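What the coordinates show
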Amino acid sequence: MLFKNFFKLFISCLVCWQISAPTSTALIQSKYYSYRQPSFDGTGKYYMGREIAQVMGHQGAGWLERPDRATEEQPQKMIAALGLKSTDVVADIGAGTGYISQLLAQQIPEGKVLAVDVQPEMIELLKQRMSKNKIVNIQPQLGTEQSPELPAASIDLAIMVDAYHEFSYPHEMMAGIISALKPGGRVVLTEYRGEDPKVFIKPRHKTTQKQIQQEMKSVGLKLLKNENVLPQQHLFFFGKS
């Protein structure tokens, strides 16, 4: 199983976008970010001490749709832990092909899922899923690297499933997400556990609870809970401080 996972992860790495960064090993500082030579699976861009991971391009969509994802990650447990109401409006940030968006949509028949992605190709794949499965309560939304492009006070919950660590501008993106929350709205992050060496994922694509709490605190969010229900991932719940 470990070799199988490593092989799949290696293939996905081949289709990651390499974000350009200065070639000097010296640290270059900007307002929120610093830059240096990229590591193997990183971009060379750092946020609060964490190197931002390379982004999986649409060519790697097969990784999101792999047949054993349901057993490896058990996303139904994540969906159940969200405690969704049937009328909720949920933003799936970094929705990709819509794998998670579809699971969410099934739980909120009177609400809707705003499926946000920055890649037009992923949005097109998501639309194909909607058409094939006759899903009517998912709304595709093309965002930018710095904004989810969501209206203010429009969502009950924002969820990011193994996506946050790839945000090129995490500070700006989180500001936009927080602005889109309704009063009492929540932010949920699923990230592979960086503390666990048995989670066989590239280092830049795993995150620790300490790091995530630090980053969310900096944008005005507080940790509500970390549900320990998933085999490989943290399940963080945040609210406004």
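The notes below deal with the structure included here. (Residues numbered from 1 in each chain as written. Predicted model: local features only at pLDDT ≥ 70, side-chain atom pairs only at ≥ 80, totals over all residues. Heavy atoms only, no water.)

Looking only at helices and strands, one finds 8 helices and 14 strands in the protein chain. A total of 241 residues make up the protein chain; the buried ones form 53% of that total. The long-range fraction of contacts in the protein chain, counting pairs at least 24 apart against all pairs at least 6 apart in sequence, stands at 64%. When the accessible surface of the protein chain is totalled, it reaches about 11,300 Å², and 57% of it is carbon and sulfur. (Helix = DSSP H or I, 4+ residues; strand = E, 2+ residues; numbered from the N terminus. Buried < 20%, exposed > 50% of the residue type's maximum accessible area, 1.4 Å probe, protein only. Contact = heavy atoms within 4.5 Å. Areas by Shrake-Rupley, 256 points an atom, 1.4 Å probe, with all protein chains shown as cover.)

A positive phi angle is found at Met48, which is not glycine, with a value near 55°. Its location among the elements puts Met48 in the loop between strand 4 (42–47) and strand 5 (50–53). Of the residues examined, Met48 reaches a relative accessible area of 29% and is grouped as partly exposed. One non-glycine residue, Glu149, lies in the positive phi region at around 60°. One can find Glu149 in the loop between strand 9 (138–142) and strand 10 (155–161).

Right, let's get into the nonpolar core. Grouped together as the largest cluster of nonpolar side chains are 29 residues, with contacts concentrated most on Ile93, Ile155, Met160, Tyr164, Met174, Val187 and Leu189. Among the elements of the structure, strand 7 (89–93), strand 8 (112–117), strand 10, helix 7 (170–180), strand 11 (181–193), helix 8 (209–218) and strand 14 (233–240) are those that each provide at least two residues to this core. Element by element, the count of residues in this core is highest for helix 7, at 5 residues. With residues up to four places along the chain from it excluded, the contact list for Val187 reads Ala158, Met160, Met174, Ile177, Leu181, Leu221, Phe236, Phe237 and Phe238. Core analysis: the next-biggest nonpolar cluster, separate from the first, contains 25 residues, Ile79, Val90, Ile100 and Ile138 among them. (Core = buried A, V, L, I, M, F, W, Y, C linked by side-chain atoms within 4.5 Å.)

Here 3 bridges tie strand 4 to strand 5, and the two strands are oriented antiparallel to one another. By the bridge assignment, Tyr46 is partnered in strand 5 with Glu51. What sits between the antiparallel neighbours strand 4 and strand 5 is a turn of 2 residues, in which Met48 has the positive phi angle 55°. (Pairing = 2+ DSSP bridges.)

If you trace the backbone, Asp88 turns up in the loop between helix 4 (75–81) and strand 7. Of the side chains with opposite charge, Arg186 lies nearest to the buried Asp88, which makes no salt bridge, at 5.1 Å. Among the polar contacts made by the side chain of Asp88, one reaches the main-chain amide nitrogen of Lys85 at a distance of 2.9 Å. Beyond its immediate chain neighbours, meaning those up to four positions away, Asp88 contacts Ile108, Gly111, Lys112 and Asp156. (Lys, Arg positive; Asp, Glu negative; His and termini not counted. Salt bridge = Lys/Arg side-chain N within 4 Å of Asp/Glu carboxyl O. Polar contact = N/O pair within 3.5 Å; in protein donor to acceptor, adjacent residues only side chain to side chain.)

Turning our attention to the layout of surface pockets. Considered as a void within the structure, the largest pocket measures approximately 680 Å³ in volume. Lining the largest pocket are 42 residues, and of these Met56, Gly94, Asp162, Ala163 and Glu166 lie nearest its centre. Only helix 1 (2–14), strand 1 (16–17), strand 6 (55–56), helix 2 (61–64), helix 3 (69–73), strand 7, helix 5 (99–107) and strand 8 provide two or more residues apiece to the lining of the largest pocket. Of the residues belonging to the lining of the largest pocket, the class tally is 21 nonpolar, 12 polar and 9 charged. When its volume is computed, the second largest pocket comes out at roughly 160 Å³. What lines the second largest pocket is simply Tyr46, Gly49, Arg50, Glu51, His165, Pro203, Arg204, Lys206, Thr207, Thr208 and Gln211. Looking at the lining of the second largest pocket, the elements that each hand over two or more residues are strand 5 and strand 12 (206–207). Grouping the constituent residues of the lining of the second largest pocket by class yields 2 nonpolar, 5 polar and 4 charged. (1 Å grid on protein atoms, 1.4 Å probe; cavity = no way out; pocket = protein on both sides within 12 Å on 5 of 7 lines; lining within 4 Å. Points joined across faces, edges and corners; volume = space filled by probe spheres on them. Nonpolar A, V, L, I, M, F, W, Y, C, P; charged D, E, K, R; others polar.)

Moving on, we get to helix 6 (residues 120–133). For helix 6, spanning 14 residues, the distance from its first C-alpha to its last is 20 Å, which sits close to the expected 20 Å at 1.5 Å a residue. Every buried residue belonging to helix 6 is among Met122, Ile123, Leu126, Arg129 and Met130, and all of these are buried. The buried residues of helix 6 occupy one face: seen down the axis, they fall within an arc of 115°. When the buried face of helix 6 is taken as reference, the exposed residues oriented beyond 90 degrees from it are Ser131 and Lys132. Buried residues belonging to helix 6 abut strand 6, helix 2, helix 5, strand 8 and strand 9. Within two residues after helix 6, Lys134 carries a phi angle of roughly 55°, on the positive side. (Expected span 1.5 Å × (residues − 1). Arc of directions from axis to C-beta.)

Taken together, 4 strands build an open sheet; the order of strands is 2-3-4-5 and the sheet is antiparallel. With one partner strand each, in any of the chains shown, strand 2 (28–29) and strand 5 form the two edges of the open sheet. In the sheet, strand 3 (residues 33–35) pairs with strand 4 via 3 bridges, with the strands oriented antiparallel. Looking at strand 4, one finds that Tyr35 is bridged to Lys45. Of the strands in this sheet, strand 3, strand 4 and strand 5 touch helix 7, which is tilted by about 155° from strand 3. (Axes fitted to C-alpha atoms, helices over the stretch in contact; angles between N-to-C directions.)

Fair warning: the whole summary comes from geometry, so function is off the table for now.
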